[in-house]
Amino acid sequence: MPTTAPHALSDVTASDSTLRRFLHGLPGVDAVGLEARAASLGTRSIKTTAKAYAIDLAISMVDLTTLEGADTPGKVRALGAKAVRPDPTDRSTPSTAAVCVYPDMVATAKEAVAGSTVKVASVATAFPAGRAPIAVKLADVREAVAAGADEIDMVIDRGAFLAGNYSKVYDEITAVKEACGTDARLKVIFETGELSTYDNIRRASWLGMLAGADFIKTSTGKVAVNATPANTLLMLEAVRDFRAQTGIQVGVKPAGGIRTSKDAIKFLVLVNETAGEDWLDNHWFRFGASSLLNDLLLQRQKLATGRYSGPDYVTVD
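As the structure is a computational prediction, the values presented were derived from the model and not from experiment. (Residues numbered from 1 in each chain as written. Predicted model: local features only at pLDDT ≥ 70, side-chain atom pairs only at ≥ 80, totals over all residues. Heavy atoms only, no water.)

Once that is clear, we can look at the overall build of the chain. Counting its secondary structure elements, the chain contains twelve helices and eight strands. By the compact-globule yardstick of 20 Å for 317 residues, the chain fits well, its C-alpha radius of gyration being 19 Å. For the chain, the C-alpha atoms occupy an extent of roughly 60 × 45 × 35 Å along the three principal directions. Contacts in the chain between residues far apart in sequence, at least 24 positions, make up 74% of those at least 6 positions apart. (Helix = DSSP H or I, 4+ residues; strand = E, 2+ residues; numbered from the N terminus. Rg over C-alpha atoms; globule rule 2.2 N^0.38 Å. Contact = heavy atoms within 4.5 Å.)

Next up, the structure:
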């Protein structure tokens, strides 16, 4: 297992035994306390100008996503146009952070957002199951990067992780990171709903960061349990503590199940109160979502006009 992490914790990745010792030496998670804190932070009341700021910030953090077998070039082009200008009637509406598509749609998405600040993210590594030989996974990544992907969202081998084969997961992440080259940032998806315990989520978070993840991400959005306030809070604690020990900042992306402005604002409170203001930027925090943007736009107009728009105000993606 190669040692690739150039930071204060590099020695813990020197061998399988040192990596295992480190991961199992992390403090156990107090599940009751974690869930209670997440619930408590979710009760914070955000009003008027602060709410307007939070809605615009949330819009700017959305990875507008379509990951369906029926995706067409036309659908991806329309999604790209919406990402660049979410509300065509109001040019003050910020663009989203990115459009997220399958590798074969990267070139189409890239054309659709050309000239804007919107990034193109691509899922890869046999998304969403991650069940493929490493050569196939790396080919998936290289194809997406060659087509112009700015970001790669990879899935870990949950079977290997749950079997305790941490070195295999580590090696795959480092190999994918290398395949991303110098231009594409890497988001590592844990599929937290399949990891069973908070302790496993904490270990996966540290494993991903040690292997060079630029972002750690909760979920694919393809399973029953995706992003929750509690698992996102746990990951925010991990990136905060990792930076304190290494000086390296890593982003967080909750994905799946975040559908309303109220939900999004709760997550922003978690970010501010746990990791801090340095993460309140779309370079370090994202929402993986498809329907969330529509509710943010409707709430934004409600704040501006005092009334809700009709159902035809936003597109159905």
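The structure having been displayed, the exposition proceeds.
The next subject is the pairing of strand S2 (residues 98-101). On S2, burial covers both faces: Ala 98 and Cys 100 on one face and Val 99 and Val 101 on the other are all buried. Direction of pairing for strand S1 (residues 62-65) relative to S2: parallel, over a ladder of three bridges. For Leu 64, the partnering residue across the bridge sits in S2 and is Val 99. Where the polypeptide runs from S1 across helix H4 (residues 73-84) and back to S2, its parallel neighbour, the crossover connection is right-handed. Between the parallel pair S2 and strand S3 (residues 119-124), the chain is carried across by helix H5 (residues 106-112), and the sense of this crossover is right-handed. (Buried < 20%, exposed > 50% of the residue type's maximum accessible area, 1.4 Å probe, protein only. Pairing = 2+ DSSP bridges. Right-handed = clockwise from strand over helix to strand, strands pointing away.)

If you walk across this open sheet you meet the eight strands as S7-S6-S5-S4-S3-S2-S1-S8, and the pairing is parallel. Only two strands of the sheet have a single neighbouring strand rather than two, namely strand S7 (251-253) and strand S8 (287-289). Within this sheet the neighbouring strands show an average axis-to-axis angle of 25 degrees, counted without direction. Inspection of the sheet shows strand S5 (residues 185-189) paired to strand S6 (residues 215-217) by three bridges, in the parallel sense. Each residue of the ladder has a partner; that of Lys 187, found in S6, is Phe 215. The sheet strands contacting helix H8 (residues 166-180) are strand S4 (151-155) and S5, and the helix crosses S5 at an angle near 150 degrees. (Axes fitted to C-alpha atoms, helices over the stretch in contact; angles between N-to-C directions.)

Another point: the layout of surface pockets. Approximately 420 Å³ is the volume found for the largest pocket. Along the walls of the largest pocket sit 23 residues, with Thr 65, Thr 220, Gly 221, Ala 289 and Ser 290 positioned nearest its centre. Of the residues assigned to the lining of the largest pocket, the class counts are seven nonpolar, nine polar and seven charged. Volume-wise, the second largest pocket comes out at about 270 Å³. Around the second largest pocket sit 15 residues that line it, and Arg 44, Ser 45, Ile 46, Lys 262 and Ile 265 are the ones nearest its centre. Where the lining of the second largest pocket is concerned, the elements lending two or more residues are helix H3 (48-60) and helix H11 (261-274). Tallying contributions element by element places H11 first for the lining of the second largest pocket, with five residues. (1 Å grid on protein atoms, 1.4 Å probe; cavity = no way out; pocket = protein on both sides within 12 Å on 5 of 7 lines; lining within 4 Å. Points joined across faces, edges and corners; volume = space filled by probe spheres on them. Nonpolar A, V, L, I, M, F, W, Y, C, P; charged D, E, K, R; others polar.)

A separate point is unusual backbone geometry. A negative phi angle characterises most non-glycine residues, just as the trans form characterises most peptide bonds. Look at the link from Phe 127 to Pro 128: it is a cis peptide, with omega at 0 degrees. Although it is not a glycine, Thr 125 adopts a positive phi angle of roughly 60 degrees. A relative accessible area of 0% places Thr 125 in the buried class. The phi angle at Glu 191 is positive, at roughly 55 degrees, despite the residue not being glycine.

Now for the side chain of Ser 219. Structurally, the position occupied by Ser 219 is in the loop between S6 and helix H10 (229-246). A polar atom in the side chain of Ser 219 sits 2.7 Å from the side chain of Thr 218. In this structure the side chain of Ser 219 is engaged in a polar contact, spanning 3.3 Å, whose partner is the backbone nitrogen of Ala 227. The residues touching Ser 219, leaving out its near neighbours within four places in the chain, are Ile 189, Glu 191, Thr 192, Asn 226, Ala 227 and Ala 255. (Polar contact = N/O pair within 3.5 Å; in protein donor to acceptor, adjacent residues only side chain to side chain.)

This paragraph deals with the packing of H3 against helix H12 (residues 292-305). It is the contact of H3 with H12, at a shortest axis distance of 10 Å, that shows an interaxial angle of 150 degrees. What the angle tells us is that H3 and H12 run roughly antiparallel. Remark: the crossing between H3 and H12 carries left-handed chirality. Only Leu 293, Leu 296, Leu 297, Gln 299, Arg 300 and Leu 303 of H12 make contact with H3, whose side of the interface consists of Lys 51, Ala 52, Ile 55, Asp 56, Ala 58 and Ile 59. The residue makeup of the contact of H3 with H12, split by class, is eight nonpolar, one polar and three charged. (Parallel < 35°, antiparallel > 145°, perpendicular 65-115°, else oblique. Left-handed = near helix turned anticlockwise from the far one by under 90°.)

Two quantities define a packed helix pair, namely the angle between the helix axes and the distance between the axes. Two elements in contact, helix H6 (residues 134-146) and H8, have axes separated by 9 Å at closest approach and are oriented at 25 degrees. Taken together, the axes of H6 and H8 lie roughly parallel to each other. As for how H6 packs across H8, the hand of that crossing is right-handed. Contacts between H6 and H8 involve Ile 134, Lys 137, Leu 138, Val 141, Arg 142 and Val 145 on the former and, on the latter, Glu 172, Ala 175, Val 176, Ala 179 and Cys 180.

Limitation: the analysis is restricted to geometry and does not speak to function.
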